[in-house]
Amino acid sequence: MSDLFGPRPCAAILFPLPLPEAFDYAIPEGMELEPGDHVAAPLGGRMAQGVVWEVKPESGGRALKSIEHAIGGPRLGEGTRRFVDWAAGYLVEPPGVILRQVLRSTSALRPSPVETVYRLSGAQPQRQTPARQAVLEAAAGEAMSAADLARAAGVSGSVVKGLVDLGVLIGEDRPTDPPFDDPDPYREGVALNQIQADAAITLRRLVSAGGFQCALIDGVTGSGKTEVYFEAIAELVRREPEAQILVLLPEIALTQSVMDRFEARFGARPALWHSDIGQKERRRVWREVASGRARIVAGARSALFLPFTRLRCTIVDEEHDPTYKQDEGLTYHARDLAVARGKLEGALTILASATPSLESLVNAEAGRYVHIRLPGRAGTAQLPEIDTIDLRDFPPEKGNWLSEPLIAEMDQVYEKGEQSLLYLNRRGFAPLVLCRACGHKMKSPETDRWLVEHRYTGRLICHTTGFSMPKPKACPECGAQDSLTGVGPGVERVAEEARHRFPDAVVEVFSSDTTQGADAVRALVGRMERGEIDILVGTQIAAKGHNFPRLTLVGVVDADLGLAGGDLRAGERTYQMLVQAAGRAGRADRPGRALLQTHQPDHEAIQALVAGDRTAFLDAERMMREMLKLPPYGRLAALILSGPEPERLENCAREVAAAAPHAEGVEVFGPADAPLAVVRGRWRKRFLVQAERRVDVSAYMRAWMARVKIPAAIRSSVDIEPYSFL
């Protein structure tokens, strides 16, 4: 394609690629473009799809390649484009990397495919047969395609075609991606108690005021936080029927129950977005959001990047949950970006949690967020009684993991026909497999991590890289036969012990390994709600947001898990998870109890939980963070370098360290070997930047990265406000 010269209108095109900026292209004569339009343009010898980021009156006489053609489809709104630019600066990433998160379904730019469906015309065939009668009965309901009609009637396609030819069935075209039903904000919701009603009034006032505000709903487990923010949604849709609302959820496992509650409240299910939905549904949701027709979207953290056109409210449920932090690929915290997007788009942002993060609590206490408290459970439900079992006094039998006091309590619950939950946040059967003969530990070949035994599948799995192998019959080090044994408990091992202790009970495991996909989760949750399971053994997926009316006992198998290590949030995260797990008990009219097996009953997190004294725990946590200038009283950023050769990585790390800018209020630690020194065959080095609260660490990291040229063999990754220190 030849270059064009002269003062011609041009457009800056941003491509969904790791490029540093948008590139200018000439706009062909007769082509009308606006910011947000999707176009195809030549890039590096090929045709690439991009988005018009800016339209300029003229090229200034520069030689520019021309845009090939406009693609069409819903225009990317101004709010989404501003969010892409802001997120790129904050996360220290090229804007095209953020745009790639937005353009997750390029097929959605085309109109929905259509299919022909058939309905009854009212005419009757002159000659009736059993096959024809079966088709007429199947067609009496909703219009269906010919194939679906034949399948429903149990006949061949020729029978359906014959009725079409006779005029008994009439065909009509309809989109295969139908629009989502609009929510009805005037439907009656659940009756609220006085505290909930006051909270709902506060949210309605924020909706009425308009513009950006951030509210924190701080309510104990079972206090009705969802019903309260439903009132904000209803008020917003009544005032602005075209408004779009995003509800972020930390686990795919929670979507089914939330979808059911939305349908009961608003008569329509939200559009659903997460990694498990298929390409067809992904295309449908993206198109409906981009066109402004999807009113309510519920989804995982990636839903934050959907191309909303009228985003007026974002709700982050369980805002404290660490799964909102993405550590692979593009690193970001969905809660922080949700607040930022709300501010950019002038949208109300609601954070909800029974155990809010210290960051959110400090913002609420400082008046930056509206603090809404729900101190009691809804209805007659009471918070569970919480006690510890000191494993130094009541050690389990050798080879077992459940203490006698916990087993005795489970026995009483089982005799009363109630349910128990055994909580252990460790997947698989055993976290370590070693050889009894030589002591060899089975590790992943791509990283310095132990392989986890999964007895249900007979495989050893690395949960860091996904590496998987059958469990060997012989030790690969010494060759001893049948010498490999699992060490330590995972949920599968605890379930095995529970079945041994309670042979007549129905015991099931609830983890991401054993319950894969939305249908499997829905089925298990349904069995639990109907009382078909006596003992549920689960990881954190079982401790979030579920409401099991007959569950009266939660046994935490290892309350100390997560307290150790160098993670600055270890105590806070353990406290939050224990509160969430204990909160599954006694959520209906039956009193609940939680028992925590621990070797550290005097730890401040466990003591605060038993005493119900969150304030004392948070005060200690706050004092420690403030003294050390850690978030939320300081800022952190991490730089991770990785490479295939340790020596070249070491040399690169030294050069990067020498280039670190000197700035007041900033300290740089490293380079140091990462605790996970090798991942997927690549060696890793880490830097940690600690700064005073007033410092813009994103700007500091951008300035640092601009000073160095990273060799092609070395990968670099910046993590603003890191959660993982591995």
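This text gives an overview of the structure that appears in the document. (Residues numbered from 1 in each chain as written. Predicted model: local features only at pLDDT ≥ 70, side-chain atom pairs only at ≥ 80, totals over all residues. Heavy atoms only, no water.)

### Side note on helix H17 (residues 614-628)
The end-to-end C-alpha distance of H17 is 21 Å, a good match for the 21 Å that 15 residues give at a rise of 1.5 Å each. For H17, every residue scored as buried is listed here: Phe-617, Leu-618, Glu-621, Arg-622 and Arg-625. Projected down its long axis, H17 carries its buried residues within an arc of 130°, all on one side. The exposed residues of H17 that point more than 90 degrees off its buried face are Thr-615, Met-623 and Met-627. Lys-629 occupies a position one or two residues after H17 and carries a positive phi of about 60°. (Helix = DSSP H or I, 4+ residues; strand = E, 2+ residues; numbered from the N terminus. Expected span 1.5 Å × (residues − 1). Buried < 20%, exposed > 50% of the residue type's maximum accessible area, 1.4 Å probe, protein only. Arc of directions from axis to C-beta.)

### A closer look at helix H18 (residues 646-658)
In this model H18 runs 18 Å from its N-terminal to its C-terminal C-alpha over 13 residues, within 8% of the 18 Å that 1.5 Å per residue would give. The complete set of buried residues in H18 reads Leu-649, Cys-652, Ala-653 and Val-656. Angularly, the buried residues of H18 cover 105° about the axis, an arc narrow enough to put them on a single face. Residues Glu-647, Glu-655 and Ala-658 are exposed on H18 and point more than 90 degrees away from its buried face. The inward-facing, buried residues of H18 abut strand E28 (634-643), strand E29 (666-679), strand E30 (682-692) and helix H19 (697-706). (Contact = heavy atoms within 4.5 Å.)

### Some points on the packing of helix H11 (residues 358-365) against H17
Contact geometry for H11 and H17: axes closest at 12 Å, N-to-C directions at 95°. With respect to their mutual orientation, H11 and H17 come out roughly perpendicular. Seen from H11, the contacting residues are Leu-358, Glu-359, Leu-361, Val-362 and Glu-365; seen from H17, they are Arg-614, Leu-618, Glu-621, Arg-622 and Arg-625. Its residues placed into classes, the contact of H11 with H17 shows four nonpolar, no polar and six charged. (Axes fitted to C-alpha atoms, helices over the stretch in contact; angles between N-to-C directions. Parallel < 35°, antiparallel > 145°, perpendicular 65-115°, else oblique. Nonpolar A, V, L, I, M, F, W, Y, C, P; charged D, E, K, R; others polar.)

### As for the sheet that holds strand E21 (residues 459-461)
What the three strands build is an open sheet, ordered E20-E21-E22; its pairing is antiparallel. Edge positions in the open sheet fall to strand E20 (452-454) and strand E22 (468-470), since each of these has one partner strand only. Strand-to-strand, the axes of this sheet are offset by a mean angle of 30°, without reference to chain direction. Pairing between E21 and E22: three bridges, direction antiparallel. Pairing of Arg-459 across the sheet is with Pro-470, part of E22. (Pairing = 2+ DSSP bridges.)

### Description of the nonpolar core
Counting residues in each nonpolar core, the largest one holds 108 residues, and the members touching the most others are Met-701 and Trp-704. In this structure, Met-701 is in contact with Val-92, Ala-637, Ala-638, Leu-639, Val-689, Val-718 and Ile-720, ignoring residues within four places of it in sequence. By size, the runner-up hydrophobic cluster in this structure holds 29 residues, among which are Leu-206, Tyr-229, Ile-233 and Ala-234. (Core = buried A, V, L, I, M, F, W, Y, C linked by side-chain atoms within 4.5 Å.)

### A word on the pairing of strand E8 (residues 213-219)
With six of seven residues buried, E8 is to be regarded as a mostly interior element. Looking at chain direction, E8 and strand E15 (residues 348-353) are connected through six bridges and run parallel. The residue of E15 that forms the bridge with Ala-215 is Ile-350. Pairing analysis gives five bridges linking E8 to strand E16 (residues 370-374), with the strands arranged parallel. The residue bridging Gly-219 from the neighbouring strand is Leu-374, located in E16.

### Focus on the side chain of Arg-265
Position of Arg-265 among the secondary structure elements: in helix H8 (residues 255-266). Take Arg-265: its relative accessible area is 5%, and that puts it in the buried class. Polar contacts involving the side chain of Arg-265 include one to the main-chain carbonyl oxygen of Arg-187, which spans 2.7 Å. Side chain to side chain, Arg-265 and Glu-231 meet in a polar contact 3.1 Å long. Among all residues touching Arg-265, those that are not within four sequence positions of it are Asp-184, Pro-185, Arg-187, Glu-188, Gly-189, Phe-230, Glu-231 and Ala-234. (Polar contact = N/O pair within 3.5 Å; in protein donor to acceptor, adjacent residues only side chain to side chain.)

### A look at the pattern of salt bridges
Per the stated rule, a full pass over the model turns up 50 salt bridges. Salt-bridge contacts for Asp-177 lead to Arg-283; the nearest nitrogen and oxygen are separated by 2.8 Å. Pair noted here: Asp-177 is in the loop between strand E7 (169-175) and helix H6 (194-209) and Arg-283 is in helix H9 (residues 279-290), with a separation of 106 residues, a long-range link. Judged on exposure class, the residue Asp-177 and its partner Arg-283 are both buried. (Salt bridge = Lys/Arg side-chain N within 4 Å of Asp/Glu carboxyl O.)

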